[in-house]
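Letter by letter, the chains look like this.
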Amino acid sequence: LKFQRIKYCQLFIFLALIFSSYTPPADPNAKIKVIFIYNFTKYIEWPSAYKKGDFVIGVLGNASLTPDLENLAKTKTIGTQKCVVKIFPTVKDIEKCHILFIPVEESDGLDLVLKKIKGMSTLVVTEKAGLAKRGSVINFINVENKQKFELNKSNANKNGLIVSSNLMSLGIVID
Amino acid sequence: MVASLQAQHHLLHKAVEEYKKGDLVKAREAIDQVSQNAETSAEPKTWYYRGVIYKDIYKAHETENHSSEARMNSAKSFAKCISMGHSEYSEECSNGIKYLASTMYNDAARDMNAEIYKTAFINFENYLEFESKINPGMVDTLAIFHAGYTAYMDHDYDKSIKYLGKSMELKYTDPLSYYFLGKSYLNKGDYKNAEIFFKQGMQKYPRDKKIARILVNLYQESGNQKELVQILTQEIKKDPSNIEYLLLLGSSYEKLIVQDSTNKKDYIEKARESYMQALNVDPNNLKANYNLGLLFYNQAVDKINELPFDTDLVALEDIQQECKDLFKQALPYMEKAYELNPKNKETLIGLSGIYFSLHDIENSNRIKTELNSLEK
């Protein structure tokens, strides 16, 4: 009897090669806008009546920066004031606030917002081209793929806000 | 007592006579009775004839049965005869075992080739057992290895560890021993021993790609990125065009960025180098393009996420510039990945994110629309 020739089963070894996994944030620029907003509180002075109680940052509708604003409120104060974020689903829900952020999706309601906050010292912040001329104080714009802001000093003054000259030097001033 | 012994001897004589006449059935009945008797079972002659009778039964009826009982009975009987000390039957018993063991080996080999591993293993094990009865000093390391291999293939990892370990102790040289031994430990959940044998195998057979590959898999599964980087680097040195390993190395460095943030900058650079090397090998590799694009994109996103809220506006301008540069670096790779496969969801998500980050909302929305239509 001759011994049999042996053969081995073929070895299959697979490597688990996968795509790098990362879920991109909905808006990586949201954090940058919130940093801008926090900086604005240092360069803008509100009337004395607004220096007591909570410092309210309002947001009209849904905005991608809301989670970052909420993180800001949890970790920072504005001067000695506690920071609070309030979401206003519609224009008629808007209450007294120090800053009101109007996301691009709600921009069409700017005129109604301005009527609603008339007489209040609210820093209106928008993010659509042309809105600084139409009543907002600060308007985020993109210049060469970077986040910048326009500043309308006269709109600020109308609302009783005093803007530092340092902030004007950092933004694009609109008359 | 004497009468009983005489009767048993008579029965043994009858078994031999029936065997000589060729009546194996009657011969077996008689020899089985004799072998169960206390007196006659102590005689070598009884076991010799039992071996002979069963061997002929095997040859006559059971050669196609790889689990033949007759063969086992025959081999055991011959072995029993030998164990009783030297006698006039010893040589023939040895020859009988030699013959039977060779049939066991051949059946084992046939079954192994036919991927019937259970009987293959049993026959290798039996072959080894009976060979050791007639050649106590002889060691068939190949058969020991095969016993281990078939046990492994039959998922009997305790046995595969036993035989593969033994084949190694006996200096059987084949990288497969390390491979299957390591895998046996791994399948038992013994990661530590698996790693020991894979590493030994790699040291002994540095050119063997299978062991390196399984070790790569092992570290990948366990998430041991530092060891994974080490082995991938070694293997890439041997074959710098191994695109799979280059991609894996890049991805492993990316995982180290998260695990060991103190050396983050270094790991990012090494991940980039690995992906770039992969692209040098194949510029149209989807994963290399995607991963490189995402590496730059993630760097920018991390920079933004790590920013403290009280970053001043002048510093913010500088960081935005850095991030813009990174997003721009990411874009051509992600666009290339998109060109290579416009239906890949990950690529669409990544590309849309990069456009969005560069404030190119029009393109970001266009890609999002494509993504949405894919998901429908």
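Residues numbered from 1 in each chain as written. Chains lettered and ligands numbered in written order. Predicted model: local features only at pLDDT ≥ 70, side-chain atom pairs only at ≥ 80, totals over all residues. Heavy atoms only, no water.

Enquirer: I would appreciate a short explanation of the overall build of chain A in the present structure.
Expert: In terms of regular secondary structure, chain A is built from 5 helices and 10 strands. Counting only residues that meet the buried cut, chain A has 51% of its 175 residues in that class. By sequence separation, contacts in chain A at least 24 residues apart represent 58% of the contacts at least 6 residues apart. Counting only carbon and sulfur atoms, one obtains 51% of the accessible surface of chain A, whose full area is about 8,900 Å². (Helix = DSSP H or I, 4+ residues; strand = E, 2+ residues; numbered from the N terminus. Buried < 20%, exposed > 50% of the residue type's maximum accessible area, 1.4 Å probe, protein only. Contact = heavy atoms within 4.5 Å. Areas by Shrake-Rupley, 256 points an atom, 1.4 Å probe, with all protein chains shown as cover.)

Enquirer: Can you help me understand the sheet that holds strand 7 (residues 138–143) of chain A in this one?
Expert: Two pairing modes exist for strands in a sheet, parallel and antiparallel, and in both the strands are linked by backbone hydrogen bonds. Residues and elements named next belong to chain A. Taken in spatial order, the 8 strands make up an open sheet running 3-4-2-5-6-7-8-10, and their pairing is mixed. Each end of this open sheet is capped by a strand with a single partner; those strands are strand 3 (77–78) and strand 10 (172–174). As paired elements, strand 2 (residues 55–60) and strand 5 (residues 99–101) share 3 bridges and run parallel to each other. Residue pairing in the sheet places Ile57 in a bridge with Ile99 of strand 5. Strand contacts of helix 2 (residues 66–75): strand 2 and strand 4 (81–88), with the helix running at about 155° to strand 4, the strand carrying the most contacts. (Pairing = 2+ DSSP bridges. Axes fitted to C-alpha atoms, helices over the stretch in contact; angles between N-to-C directions.)

Enquirer: Looking at this model, I keep getting lost on helix 9 (residues 175–187) of chain B. Mind explaining?
Expert: Every α-helical turn comprises 3.6 residues, leaving residues that sit three or four positions apart pointing alike. Residues and elements named next belong to chain B. Under the 1.5 Å per step criterion, the end-to-end length of helix 9 is 18 Å for 13 residues, consistent within 8% with the ideal 18 Å. Here helix 9 lies mainly inside the structure; 11 of its 13 residues are buried. Residues of helix 9 that are buried: Pro175, Leu176, Ser177, Tyr178, Tyr179, Phe180, Leu181, Gly182, Lys183, Ser184 and Tyr185. Of the surrounding secondary structure, the elements contacted by the buried residues of helix 9 are helix 7 (141–153), helix 8 (157–169), helix 10 (191–204) and helix 11 (209–222). Regarding helix 9, its N-cap is Asp174, as a side-chain oxygen of that residue lies 2.8 Å from the backbone nitrogen of Leu176 further along. Backbone geometry just downstream of helix 9 places Gly189 in the positive-phi region, at approximately 85°. (Expected span 1.5 Å × (residues − 1). Polar contact = N/O pair within 3.5 Å; in protein donor to acceptor, adjacent residues only side chain to side chain.)

Enquirer: Any chance you could explain the interface of chain B and chain A here in plain terms?
Expert: Interface size is commonly expressed as the accessible area that is lost once the parts come together. Contacts between chain B and chain A engage 66 residues on the former and 48 residues on the latter. Here chain B packs against chain A, burying approximately 5,100 Å² in sum over the two surfaces, 64% of which is carbon and sulfur. For the pair chain B and chain A, the interface holds 3 salt bridges. Connecting chain B to chain A are 12 residue pairs in polar contact (both at pLDDT 80 or more). Sort the elements by how many residues they give to the side of chain B that touches chain A and helix 15 (residues 286–305) of chain B lands first, with 11 residues. Taken together, the residues of the side of chain B that touches chain A sort by class into 36 nonpolar, 16 polar and 14 charged. (Buried area = accessible area lost by both parts, 1.4 Å probe. Salt bridge = Lys/Arg side-chain N within 4 Å of Asp/Glu carboxyl O. Nonpolar A, V, L, I, M, F, W, Y, C, P; charged D, E, K, R; others polar.)

Enquirer: Whenever I open this one, the side chain of Ser68 of chain B confuses me. Can you help?
Expert: Residues and elements named next belong to chain B. Mapped onto the fold, Ser68 is located in the loop between helix 3 (44–62) and helix 4 (69–83). Ser68 gets classed as buried once you look at its relative accessible area, which sits at 4%. Polar contacts involving the side chain of Ser68 include one to the side chain of Glu62, which spans 2.6 Å. A polar atom in the side chain of Ser68 sits 3.1 Å from the backbone nitrogen of Arg71. Apart from the residues within four sequence positions on either side, Ser68 is in contact with Tyr58 and Glu62.

Enquirer: Would you mind going over the packing of helix 8 of chain B against helix 9 of chain B with me for this structure?
Expert: How two helices pack is summed up by the angle between their axes together with the distance between the axes. All names here are of chain B. Direction vectors running N to C along helix 8 and helix 9 enclose 150°, while the axes themselves pass 9 Å from each other. One element, helix 8, and the other, helix 9, form an angle in the roughly antiparallel class. Regarding helix 8 and helix 9, the two cross each other, and that crossing is left-handed. Here helix 8 contributes Tyr157, Ser160, Ile161, Leu164, Gly165, Ser167 and Met168 to the contact with helix 9, which in turn contributes Ser177, Tyr178, Phe180, Leu181, Ser184, Tyr185 and Asn187. Within the contact of helix 8 with helix 9, the residues separate by chemical class into 8 nonpolar, 6 polar and no charged. (Parallel < 35°, antiparallel > 145°, perpendicular 65-115°, else oblique. Left-handed = near helix turned anticlockwise from the far one by under 90°.)

Enquirer: Sorry if this is basic, but what is going on with the pattern of salt bridges here?
Expert: Pairs may arise between side chains of opposite charge once their charged atoms sit close together. Taken as a whole and judged by the stated rule, the model has 28 salt bridges over all chains. Between Lys76 of chain A and Asp310 of chain B there is a salt bridge, with its nearest N and O atoms 2.9 Å apart. With Lys76 of chain A in the loop between helix 2 and strand 3 and Asp310 of chain B in the loop between helix 15 and helix 16 (313–340), this residue pair bridges two chains. Relative accessible area serves as the criterion here: at 22%, Lys76 of chain A is assigned to the partly exposed category. Via salt bridges that share partners, Lys146 and Lys148 of chain A together with Glu317 of chain B belong to a single interconnected network.

Enquirer: So what exactly am I meant to see when it comes to the packing of helix 6 (residues 117–134) of chain B against helix 8 of chain B here?
Expert: Residue and element names in this part refer to chain B. Two numbers describe how helix 6 lies on helix 8: the axes approach to 13 Å, and their chain directions differ by 40°. When the interaxial angle is binned, helix 6 and helix 8 end up oblique. Between helix 6 and helix 8 the crossing geometry is left-handed. The segment helix 6 lies against helix 8, with Phe121, Glu125 and Leu128 engaging Lys159, Lys162 and Tyr163. Residues belonging to the contact of helix 6 with helix 8 are distributed by class as follows: 3 nonpolar, no polar and 3 charged.

Enquirer: Just to check I follow, could you spell out helix 15 of chain B for this structure?
Expert: Residues and elements named next belong to chain B. A rise of 1.5 Å per residue sets the reference length of helix 15, with its 20 residues, at 28 Å; its end C-alpha atoms lie 28 Å apart and thus fit the reference within 8%. A large share of helix 15 lies buried, amounting to 15 of its 20 residues. Its side-chain oxygen placed 3.0 Å from the backbone nitrogen of Lys287, Asn285 serves as the N-cap of helix 15.

Enquirer: How do you make sense of the nonpolar core when you look at a structure like this?
Expert: Across soluble globular proteins, nonpolar side chains have a tendency to be buried as a group. Core analysis: the biggest nonpolar cluster contains 157 residues, and Ile37, Phe40, Leu69, Leu123 and Phe149 of chain A have the highest contact counts within it. It is helix 16 of chain B that provides the largest number of residues to this core, a total of 11 residues. Beyond its immediate sequence surroundings of up to four residues, Leu123 of chain A is in contact with Phe40, Ile44, Trp46, His98, Ile99, Leu100, Val137, Ile138 and Leu161 of chain A. Of all hydrophobic cores here, the second largest spans 13 residues; its members include Val56, Val91, Ile102 and Val124 of chain A. (Core = buried A, V, L, I, M, F, W, Y, C linked by side-chain atoms within 4.5 Å.)

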